[in-house]
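# A look at the structure
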Amino acid sequence: MTRDLYIRPVGLTPLRPASDEEVEAPGLQLAGGWLTFMGLEVIERVGRDRRRTRVFELGEYCERDWGRHGAAAAEALEALRQPRPRIAGLSLDRPRIMGIVNITPDSFSDGGRLTTAQAAIDHALRLEEEGADILDLGAESTRPGSDPVSVEEELRRLMPVLEGLAGRTRALISVDTRKAEVMRRAVEAGADIINDISALTHDPDAMEVAAETGLPVVLMHTFGDPKTMQVDPRYDDAPLDIFDYLEERVRRAEAAGIDRSRLIIDYGIGFGKTLEHNLALLSHTSLFHSLGVPVLVGASRKRFIGALTGMEVASERVAGSVGAALAAVGQGAQIIRVHDVAATRQALTVWEAATSGVQL
Ligand code: 8Y4
(Lines give C-alpha, C1' and ligand atoms only; values in the text may rest on other atoms or scores of the structure.)
Protein backbone atom coordinates (compact mmCIF):
# COMPACT_ATOMS: atom_id res chain seq x y z
CA MET A 1 0.00 0.00 0.00
CA THR A 2 1.30 3.40 -0.98
CA ARG A 3 -0.13 6.46 0.64
CA ASP A 4 -0.87 9.87 -0.87
CA LEU A 5 0.44 12.13 1.83
CA TYR A 6 3.54 11.98 3.97
CA ILE A 7 3.86 14.40 6.84
CA ARG A 8 7.00 15.43 8.67
CA PRO A 9 7.51 17.94 11.44
CA VAL A 10 9.77 20.88 10.56
CA GLY A 11 11.18 23.85 12.42
CA LEU A 12 12.50 21.46 15.03
CA THR A 13 13.98 23.20 18.00
CA PRO A 14 15.24 21.65 21.21
CA LEU A 15 12.80 23.49 23.44
CA ARG A 16 12.03 21.68 26.66
CA PRO A 17 10.63 24.07 29.26
CA ALA A 18 12.25 23.89 32.66
CA SER A 19 9.65 22.67 35.16
CA ASP A 20 9.36 26.05 36.91
CA GLU A 21 8.93 28.00 33.71
CA GLU A 22 5.76 28.85 31.81
CA VAL A 23 6.25 28.77 28.08
CA GLU A 24 3.86 29.93 25.45
CA ALA A 25 5.08 28.98 22.04
CA PRO A 26 3.58 28.54 18.60
CA GLY A 27 5.05 25.04 18.45
CA LEU A 28 4.06 21.58 19.62
CA GLN A 29 6.09 19.04 21.54
CA LEU A 30 7.23 16.13 19.36
CA ALA A 31 6.34 12.67 20.72
CA GLY A 32 6.57 13.82 24.34
CA GLY A 33 10.28 14.34 23.80
CA TRP A 34 12.94 17.02 23.68
CA LEU A 35 11.94 18.79 20.46
CA THR A 36 9.26 21.30 19.51
CA PHE A 37 8.05 21.51 15.91
CA MET A 38 6.86 24.77 14.40
CA GLY A 39 5.42 23.53 11.13
CA LEU A 40 4.59 20.56 8.97
CA GLU A 41 6.00 19.54 5.62
CA VAL A 42 3.48 17.77 3.42
CA ILE A 43 5.01 15.52 0.78
CA GLU A 44 2.98 14.05 -2.08
CA ARG A 45 4.13 11.62 -4.71
CA VAL A 46 3.55 13.00 -8.18
CA GLY A 47 4.64 10.37 -10.67
CA ARG A 48 6.85 7.43 -9.87
CA ASP A 49 9.98 9.12 -8.58
CA ARG A 50 8.85 12.71 -8.15
CA ARG A 51 7.38 14.52 -5.19
CA ARG A 52 5.68 17.80 -4.37
CA THR A 53 6.59 19.36 -1.04
CA ARG A 54 4.69 22.12 0.78
CA VAL A 55 5.49 23.54 4.21
CA PHE A 56 2.74 24.91 6.48
CA GLU A 57 2.67 26.69 9.78
CA LEU A 58 0.76 24.66 12.37
CA GLY A 59 -2.29 26.94 12.40
CA GLU A 60 -2.47 26.98 8.62
CA TYR A 61 -2.18 23.18 8.54
CA CYS A 62 -4.94 22.69 11.12
CA GLU A 63 -7.37 25.13 9.53
CA ARG A 64 -6.89 23.93 6.01
CA ASP A 65 -9.52 21.69 4.41
CA TRP A 66 -7.56 18.59 3.42
CA GLY A 67 -10.57 17.18 1.57
CA ARG A 68 -10.39 13.41 1.20
CA HIS A 69 -7.05 13.53 3.07
CA GLY A 70 -8.67 15.05 6.15
CA ALA A 71 -8.50 11.92 8.30
CA ALA A 72 -4.89 11.18 7.31
CA ALA A 73 -3.83 14.76 7.98
CA ALA A 74 -5.36 14.74 11.48
CA GLU A 75 -4.02 11.26 12.26
CA ALA A 76 -0.44 12.19 11.34
CA LEU A 77 -0.50 15.24 13.60
CA GLU A 78 -1.87 13.16 16.46
CA ALA A 79 0.83 10.51 15.89
CA LEU A 80 3.53 13.19 15.98
CA ARG A 81 2.30 14.65 19.28
CA GLN A 82 1.47 11.52 21.25
CA PRO A 83 4.12 10.83 23.93
CA ARG A 84 5.78 7.49 23.30
CA PRO A 85 5.16 4.90 26.02
CA ARG A 86 8.05 3.42 27.95
CA ILE A 87 9.83 0.49 26.33
CA ALA A 88 10.44 -2.29 28.87
CA GLY A 89 10.33 0.39 31.58
CA LEU A 90 12.69 2.80 29.79
CA SER A 91 11.24 6.29 29.23
CA LEU A 92 11.85 7.84 25.83
CA ASP A 93 11.49 11.50 26.76
CA ARG A 94 15.25 11.81 26.27
CA PRO A 95 17.62 10.15 23.80
CA ARG A 96 18.76 6.64 24.72
CA ILE A 97 21.92 4.78 23.80
CA MET A 98 21.93 1.17 22.62
CA GLY A 99 25.46 -0.28 22.83
CA ILE A 100 26.52 -2.93 20.32
CA VAL A 101 27.81 -6.23 21.68
CA ASN A 102 29.09 -8.52 18.93
CA ILE A 103 29.26 -12.21 19.80
CA THR A 104 30.69 -13.45 16.53
CA PRO A 105 33.99 -15.36 16.74
CA ASP A 106 35.57 -12.99 14.18
CA SER A 107 34.93 -10.02 16.48
CA PHE A 108 37.41 -11.31 19.09
CA SER A 109 40.85 -12.73 18.42
CA ASP A 110 39.54 -16.14 19.27
CA GLY A 111 40.63 -18.46 22.03
CA GLY A 112 37.48 -20.62 21.84
CA ARG A 113 33.84 -20.37 22.91
CA LEU A 114 34.36 -19.67 26.60
CA THR A 115 36.85 -16.91 25.88
CA THR A 116 34.50 -15.40 23.31
CA ALA A 117 31.55 -15.49 25.72
CA GLN A 118 33.56 -14.00 28.59
CA ALA A 119 34.99 -11.29 26.34
CA ALA A 120 31.47 -10.39 25.17
CA ILE A 121 30.18 -10.24 28.77
CA ASP A 122 33.11 -8.04 29.82
CA HIS A 123 32.54 -5.80 26.82
CA ALA A 124 28.80 -5.51 27.58
CA LEU A 125 29.45 -4.59 31.24
CA ARG A 126 31.97 -1.97 30.09
CA LEU A 127 29.40 -0.44 27.72
CA GLU A 128 26.87 -0.27 30.56
CA GLU A 129 29.48 1.47 32.71
CA GLU A 130 30.08 3.95 29.87
CA GLY A 131 26.38 4.85 29.81
CA ALA A 132 24.50 2.42 27.58
CA ASP A 133 20.76 2.21 28.35
CA ILE A 134 20.37 -0.92 26.25
CA LEU A 135 22.85 -3.66 25.29
CA ASP A 136 22.25 -5.20 21.85
CA LEU A 137 23.59 -8.76 21.70
CA GLY A 138 24.21 -10.05 18.19
CA ALA A 139 25.41 -13.58 17.44
CA GLU A 140 24.59 -13.66 13.74
CA SER A 141 26.79 -11.53 11.51
CA THR A 142 24.47 -9.54 9.24
CA ARG A 143 27.05 -7.33 7.61
CA PRO A 144 26.78 -6.92 3.85
CA GLY A 145 28.01 -10.07 2.07
CA SER A 146 27.95 -12.28 5.16
CA ASP A 147 26.77 -15.90 5.21
CA PRO A 148 23.85 -17.11 7.33
CA VAL A 149 24.42 -18.88 10.67
CA SER A 150 22.45 -21.95 11.87
CA VAL A 151 20.02 -21.70 14.82
CA GLU A 152 22.24 -24.08 16.82
CA GLU A 153 25.36 -22.03 16.22
CA GLU A 154 23.59 -18.76 16.99
CA LEU A 155 22.27 -20.20 20.28
CA ARG A 156 25.70 -21.64 21.21
CA ARG A 157 27.17 -18.17 20.86
CA LEU A 158 24.33 -16.16 22.39
CA MET A 159 23.04 -18.11 25.39
CA PRO A 160 26.18 -18.08 27.58
CA VAL A 161 26.41 -14.31 27.15
CA LEU A 162 22.72 -13.69 27.77
CA GLU A 163 22.76 -15.96 30.83
CA GLY A 164 25.93 -14.31 32.09
CA LEU A 165 24.42 -10.82 31.76
CA ALA A 166 20.78 -11.25 32.79
CA GLY A 167 20.35 -9.94 36.32
CA ARG A 168 23.91 -8.52 36.37
CA THR A 169 23.17 -5.31 34.50
CA ARG A 170 20.78 -2.39 34.91
CA ALA A 171 20.74 -1.88 31.17
CA LEU A 172 18.00 -3.51 29.11
CA ILE A 173 19.09 -6.48 27.03
CA SER A 174 18.19 -6.56 23.37
CA VAL A 175 18.76 -9.59 21.18
CA ASP A 176 19.62 -9.02 17.52
CA THR A 177 18.12 -12.04 15.77
CA ARG A 178 15.90 -12.99 12.84
CA LYS A 179 15.06 -16.46 14.17
CA ALA A 180 11.88 -17.47 16.03
CA GLU A 181 13.63 -20.17 18.05
CA VAL A 182 16.30 -17.73 19.21
CA MET A 183 13.57 -15.25 20.23
CA ARG A 184 11.81 -17.97 22.25
CA ARG A 185 14.99 -18.99 24.09
CA ALA A 186 16.09 -15.39 24.59
CA VAL A 187 12.92 -14.30 26.39
CA GLU A 188 13.21 -17.31 28.74
CA ALA A 189 16.78 -16.28 29.56
CA GLY A 190 15.79 -12.71 30.42
CA ALA A 191 16.01 -10.66 27.21
CA ASP A 192 14.00 -7.39 27.25
CA ILE A 193 13.81 -6.44 23.55
CA ILE A 194 13.89 -8.24 20.19
CA ASN A 195 15.86 -6.48 17.43
CA ASP A 196 15.02 -8.05 14.07
CA ILE A 197 16.78 -6.52 11.05
CA SER A 198 14.27 -8.27 8.79
CA ALA A 199 11.22 -6.75 10.56
CA LEU A 200 9.91 -10.27 11.33
CA THR A 201 9.96 -11.37 7.68
CA HIS A 202 12.98 -13.71 7.57
CA ASP A 203 11.59 -16.58 9.64
CA PRO A 204 7.97 -17.52 8.87
CA ASP A 205 7.38 -18.23 12.59
CA ALA A 206 8.95 -15.01 13.86
CA MET A 207 5.81 -12.84 13.85
CA GLU A 208 3.79 -15.31 15.93
CA VAL A 209 6.63 -16.10 18.31
CA ALA A 210 7.55 -12.44 18.81
CA ALA A 211 3.90 -11.75 19.65
CA GLU A 212 3.92 -14.62 22.19
CA THR A 213 7.05 -13.37 23.94
CA GLY A 214 5.30 -10.14 24.91
CA LEU A 215 8.57 -8.26 24.33
CA PRO A 216 9.05 -4.96 22.50
CA VAL A 217 10.27 -5.46 18.94
CA VAL A 218 12.49 -3.35 16.67
CA LEU A 219 11.24 -3.58 13.08
CA MET A 220 14.11 -2.65 10.73
CA HIS A 221 13.96 -2.21 6.97
CA THR A 222 16.38 -4.15 4.84
CA PHE A 223 16.41 -4.61 1.08
CA GLY A 224 16.92 -8.30 0.29
CA ASP A 225 19.18 -10.46 2.45
CA PRO A 226 22.68 -9.70 3.82
CA LYS A 227 24.32 -11.73 1.06
CA THR A 228 22.90 -9.70 -1.82
CA MET A 229 21.46 -6.45 -0.45
CA GLN A 230 24.27 -4.17 -1.64
CA VAL A 231 24.28 -5.44 -5.24
CA ASP A 232 22.06 -2.78 -6.83
CA PRO A 233 19.49 -1.36 -4.44
CA ARG A 234 16.89 0.87 -6.13
CA TYR A 235 13.99 2.89 -4.80
CA ASP A 236 11.55 5.36 -6.36
CA ASP A 237 12.06 7.62 -3.36
CA ALA A 238 13.99 5.89 -0.56
CA PRO A 239 12.49 7.67 2.48
CA LEU A 240 8.91 7.37 1.17
CA ASP A 241 9.26 3.77 -0.02
CA ILE A 242 10.81 2.73 3.29
CA PHE A 243 8.13 4.65 5.21
CA ASP A 244 5.49 2.64 3.29
CA TYR A 245 7.31 -0.60 4.11
CA LEU A 246 7.56 0.17 7.83
CA GLU A 247 3.93 1.32 7.95
CA GLU A 248 2.91 -2.04 6.51
CA ARG A 249 5.14 -3.98 8.94
CA VAL A 250 3.66 -2.04 11.89
CA ARG A 251 0.16 -2.88 10.62
CA ARG A 252 1.05 -6.57 10.26
CA ALA A 253 2.64 -6.71 13.69
CA GLU A 254 -0.43 -5.14 15.28
CA ALA A 255 -2.68 -7.59 13.43
CA ALA A 256 -0.56 -10.44 14.84
CA GLY A 257 -1.17 -9.19 18.37
CA ILE A 258 1.90 -7.03 18.99
CA ASP A 259 0.54 -3.85 20.53
CA ARG A 260 1.77 -0.55 19.05
CA SER A 261 3.21 0.29 22.46
CA ARG A 262 5.69 -2.59 21.91
CA LEU A 263 6.96 -1.45 18.50
CA ILE A 264 10.07 0.49 17.50
CA ILE A 265 10.95 1.29 13.88
CA ASP A 266 14.30 1.68 12.12
CA TYR A 267 14.95 2.61 8.48
CA GLY A 268 18.09 0.46 8.45
CA ILE A 269 21.09 2.55 7.39
CA GLY A 270 23.44 0.56 5.13
CA PHE A 271 21.09 -2.36 4.56
CA GLY A 272 20.56 -2.33 0.80
CA LYS A 273 21.24 1.39 0.47
CA THR A 274 23.67 3.55 -1.49
CA LEU A 275 25.35 6.62 0.01
CA GLU A 276 22.59 8.75 -1.54
CA HIS A 277 19.86 6.58 0.03
CA ASN A 278 21.53 6.66 3.46
CA LEU A 279 21.79 10.45 3.40
CA ALA A 280 18.22 10.87 2.18
CA LEU A 281 17.08 8.67 5.07
CA LEU A 282 19.13 10.37 7.79
CA SER A 283 17.90 13.78 6.62
CA HIS A 284 14.29 12.46 6.73
CA THR A 285 14.50 10.96 10.23
CA SER A 286 11.69 13.23 11.43
CA LEU A 287 9.31 11.85 8.76
CA PHE A 288 9.25 8.49 10.53
CA HIS A 289 7.72 9.94 13.70
CA SER A 290 4.38 10.20 11.91
CA LEU A 291 4.14 6.40 12.26
CA GLY A 292 3.53 7.12 15.96
CA VAL A 293 6.18 4.77 17.38
CA PRO A 294 9.75 5.29 18.65
CA VAL A 295 12.50 5.60 16.04
CA LEU A 296 15.85 3.83 16.34
CA VAL A 297 18.84 4.84 14.18
CA GLY A 298 21.99 2.77 13.67
CA ALA A 299 24.67 4.67 11.78
CA SER A 300 27.67 3.72 13.91
CA ARG A 301 30.93 3.15 12.01
CA LYS A 302 29.03 2.27 8.85
CA ARG A 303 30.50 2.49 5.39
CA PHE A 304 28.65 5.67 4.38
CA ILE A 305 30.74 7.48 7.01
CA GLY A 306 33.85 6.13 5.31
CA ALA A 307 32.50 7.26 1.94
CA LEU A 308 31.89 10.78 3.26
CA THR A 309 35.17 11.18 5.12
CA GLY A 310 37.68 8.93 3.39
CA MET A 311 38.06 6.81 6.53
CA GLU A 312 38.49 3.29 5.18
CA VAL A 313 38.93 1.64 8.59
CA ALA A 314 35.72 1.29 10.64
CA SER A 315 37.42 1.97 14.00
CA GLU A 316 38.54 5.39 12.68
CA ARG A 317 34.93 6.49 12.14
CA VAL A 318 34.10 7.33 15.76
CA ALA A 319 33.83 11.10 15.33
CA GLY A 320 31.74 10.70 12.18
CA SER A 321 29.50 8.25 14.01
CA VAL A 322 28.98 10.72 16.85
CA GLY A 323 28.08 13.35 14.25
CA ALA A 324 25.49 11.04 12.74
CA ALA A 325 24.07 10.20 16.18
CA LEU A 326 23.64 13.89 17.07
CA ALA A 327 22.01 14.55 13.69
CA ALA A 328 19.51 11.74 14.38
CA VAL A 329 18.82 12.98 17.92
CA GLY A 330 18.34 16.48 16.49
CA GLN A 331 15.46 15.01 14.47
CA GLY A 332 14.04 13.25 17.50
CA ALA A 333 15.36 9.69 17.11
CA GLN A 334 14.69 8.15 20.52
CA ILE A 335 17.32 5.39 20.40
CA ILE A 336 20.73 5.40 18.75
CA ARG A 337 22.62 2.15 18.23
CA VAL A 338 26.37 2.67 18.64
CA HIS A 339 29.70 0.92 19.08
CA ASP A 340 31.36 3.82 20.89
CA VAL A 341 29.20 4.34 23.95
CA ALA A 342 31.63 6.53 25.96
CA ALA A 343 32.14 8.99 23.09
CA THR A 344 28.43 9.08 22.26
CA ARG A 345 27.41 9.52 25.92
CA GLN A 346 29.87 12.41 26.29
CA ALA A 347 28.52 14.11 23.16
CA LEU A 348 24.88 13.58 24.20
CA THR A 349 25.47 14.88 27.72
CA VAL A 350 26.89 18.10 26.32
CA TRP A 351 24.26 18.36 23.55
CA GLU A 352 21.39 17.91 26.01
CA ALA A 353 22.83 20.41 28.50
CA ALA A 354 23.66 22.93 25.78
CA THR A 355 20.21 22.75 24.17
CA SER A 356 18.07 22.58 27.33
CA GLY A 357 20.16 25.05 29.31
CA VAL A 358 20.38 22.80 32.35
CA GLN A 359 22.34 19.76 33.41
CA LEU A 360 19.93 16.85 33.05
C1 8Y4 B 1 31.36 -1.48 11.15
C2 8Y4 B 1 30.80 -2.28 12.10
C3 8Y4 B 1 30.62 -1.13 10.05
C4 8Y4 B 1 29.49 -2.74 11.95
C5 8Y4 B 1 29.33 -1.61 9.89
C6 8Y4 B 1 28.75 -2.39 10.85
C7 8Y4 B 1 21.61 -2.21 12.64
C8 8Y4 B 1 21.15 -3.28 13.42
C9 8Y4 B 1 23.06 -3.80 12.52
C10 8Y4 B 1 20.80 -1.03 12.55
C11 8Y4 B 1 19.24 -2.14 14.01
C12 8Y4 B 1 26.47 -2.99 11.51
C13 8Y4 B 1 21.98 -5.57 13.96
C14 8Y4 B 1 25.35 -3.72 10.94
N15 8Y4 B 1 22.80 -2.54 12.09
N16 8Y4 B 1 19.99 -3.25 14.11
N17 8Y4 B 1 22.07 -4.28 13.33
N18 8Y4 B 1 19.63 -1.06 13.27
N19 8Y4 B 1 18.08 -2.07 14.66
N20 8Y4 B 1 27.49 -2.86 10.62
O21 8Y4 B 1 21.09 -0.03 11.88
O22 8Y4 B 1 26.49 -2.58 12.65
S23 8Y4 B 1 24.46 -4.74 12.10
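Rules used throughout
- Residues numbered from 1 in each chain as written.
- Predicted model: local features only at pLDDT ≥ 70, side-chain atom pairs only at ≥ 80, totals over all residues.
- Heavy atoms only, no water.
- Helix = DSSP H or I, 4+ residues; strand = E, 2+ residues; numbered from the N terminus.
- Rg over C-alpha atoms; globule rule 2.2 N^0.38 Å.
- Buried < 20%, exposed > 50% of the residue type's maximum accessible area, 1.4 Å probe, protein only.
- Contact = heavy atoms within 4.5 Å.
- Salt bridge = Lys/Arg side-chain N within 4 Å of Asp/Glu carboxyl O.
- Domains from an automatic or database assignment.
- Buried area = accessible area lost by both parts, 1.4 Å probe.
- Polar contact = N/O pair within 3.5 Å; in protein donor to acceptor, adjacent residues only side chain to side chain.
- Near = heavy atom within 4 Å.
- Areas by Shrake-Rupley, 256 points an atom, 1.4 Å probe, with all protein chains shown as cover.
- Nonpolar A, V, L, I, M, F, W, Y, C, P; charged D, E, K, R; others polar.
- Patch = residues over 30% accessible without salt bridge, like charges linked within 9 Å, V, L, I, M, F, W, Y side chains within 5 Å.
- Pairing = 2+ DSSP bridges.
- Axes fitted to C-alpha atoms, helices over the stretch in contact; angles between N-to-C directions.
- Core = buried A, V, L, I, M, F, W, Y, C linked by side-chain atoms within 4.5 Å.
- pLDDT = per-residue confidence, 0-100.

Below, the discussion takes up the overall build of the chain. If you tally the helices and strands in the chain, you get eleven helices and 13 strands. For a compact globule of 360 residues, the expected C-alpha radius of gyration is about 21 Å, and the chain comes in at 20 Å, within 12% of that figure. Overall, the C-alpha framework of the chain stretches about 65 × 45 × 45 Å when taken along its three principal axes. Evaluated residue by residue, the chain yields a buried proportion of 54% over its 360 residues. In the chain, the proportion of contacts linking residues at least 24 apart, taken out of those at least 6 apart, comes to 70%.

A complete count under the given rule lists 23 salt bridges for this structure. Residue arginine 68 pairs with aspartate 4 through a salt bridge whose shortest N-O separation is 3.6 Å. Remark: aspartate 4 occurs in the segment before strand 1 (5-10) and arginine 68 occurs in the loop between helix 1 (58-63) and helix 2 (70-81); sequence separation between them is 64 residues. Notably, a salt bridge pairs glutamate 352 with arginine 94, separated by 3.5 Å at the nearest N-O pair. Of this pair, glutamate 352 sits in helix 11 (residues 341-356) while arginine 94 sits in the loop between helix 2 and strand 6 (96-102), placing them 258 residues apart in sequence. With a relative accessible area of 3%, glutamate 352 lands in the buried category. The class of arginine 94 is partly exposed, set by a relative accessible area of 26%. Each of the salt bridges in this network shares a partner with another, and the network as a whole consists of Glu140, Glu154, Arg178 and Lys179.

Each assigned domain of the chain is listed here: domain 1 (5-81) and domain 2 (96-356). Each partner contributes residues to the interface: domain 1 has 19 residues there, and domain 2 has 24 residues. For the pair domain 1 and domain 2, the summed buried surface comes to about 1,800 Å²; carbon and sulfur atoms form 56% of the total. When the buried area of domain 1 at its contact with domain 2 is split by residue, Tyr6, Arg8 and Trp34 rank highest and sum to 31% of it. At the surface where domain 1 touches domain 2, the tally comes to four salt bridges. Among the salt bridges present, the one from arginine 51 reaches aspartate 237, with a minimum N-O distance of 2.9 Å. Taken together, the links from domain 1 to domain 2 amount to 13 residue pairs in polar contact (both at pLDDT 80 or more).

Of all residues adjacent to the ligand, which total 16 residues, the nearest are Asp176, Asn195, Asp266, Arg301 and Lys302. Within the side chain of asparagine 195, an N or O atom sits 2.9 Å from a nitrogen atom of the ligand. One of the side-chain N or O atoms of arginine 337 is found 3.2 Å from a nitrogen atom in the ligand. Contact with the protein chains covers 91% of the free accessible surface of the ligand, which is 520 Å². The residue inventory of the shell around the ligand, partitioned by class, reads six nonpolar, four polar and six charged.

Attention now goes to a nonpolar patch on the surface. Together, Leu275, Leu279 and Leu308 make up an exposed nonpolar region whose accessible area comes to about 230 Å². Looking at the secondary structure, you find leucine 279 in helix 8 (residues 275-283).

With that settled, the discussion passes to the environment of tryptophan 66. Counting through the fold element by element, tryptophan 66 comes out in the loop between helix 1 and helix 2. Linking tryptophan 66 and alanine 119, residues 53 residues apart in sequence, is a C-alpha distance of 57 Å. When sequence neighbours within four positions are dropped, the list of residues in contact with tryptophan 66 reads Leu5, Val42, Arg54, Phe56, Tyr61 and Ala73.

Turning our attention to the sheet that holds strand 8 (residues 172-176). If you walk across this open sheet you meet the eight strands as 11-10-9-8-7-6-13-12, and the pairing is parallel. Looking at strand neighbours, the two that pair on one side only are strand 11 (263-266) and strand 12 (296-297), the edges of this open sheet. The strands touched by helix 3 (residues 113-129) are strand 6 and strand 7 (134-138); relative to strand 6, the strand with the most contacts, the crossing angle is about 165°. The strands touched by helix 11 within the sheet are strand 6 and strand 13 (335-338), with strand 6 carrying the most contacts at an inclination of about 175°.

Counting residues in hydrophobic clusters, the biggest one holds 93 residues, and the most contacted among them are Tyr61, Leu137, Leu162, Leu200, Ile258 and Phe288. Residue-level mapping places this core at the junction of two domains, with at least three residues from each of domain 1 (5-81) and domain 2 (96-356). Excluding residues within four positions of it along the chain, leucine 137 makes contact with Val101, Ile103, Leu158, Val161, Leu162, Leu165, Ile173, Ser174, Val175 and Asp176. By size, the runner-up hydrophobic cluster in this structure holds eleven residues, among which are Met98, Leu172, Ile264 and Ile335.

To continue, consider the confidence of the model for the chain. Taken as a whole, the chain shows an average pLDDT of 93; of its residues, 95% reach a score of 70 or greater. Mean pLDDT values for the elements of the chain range from 92 in helix 3 up to 99 in strand 12.

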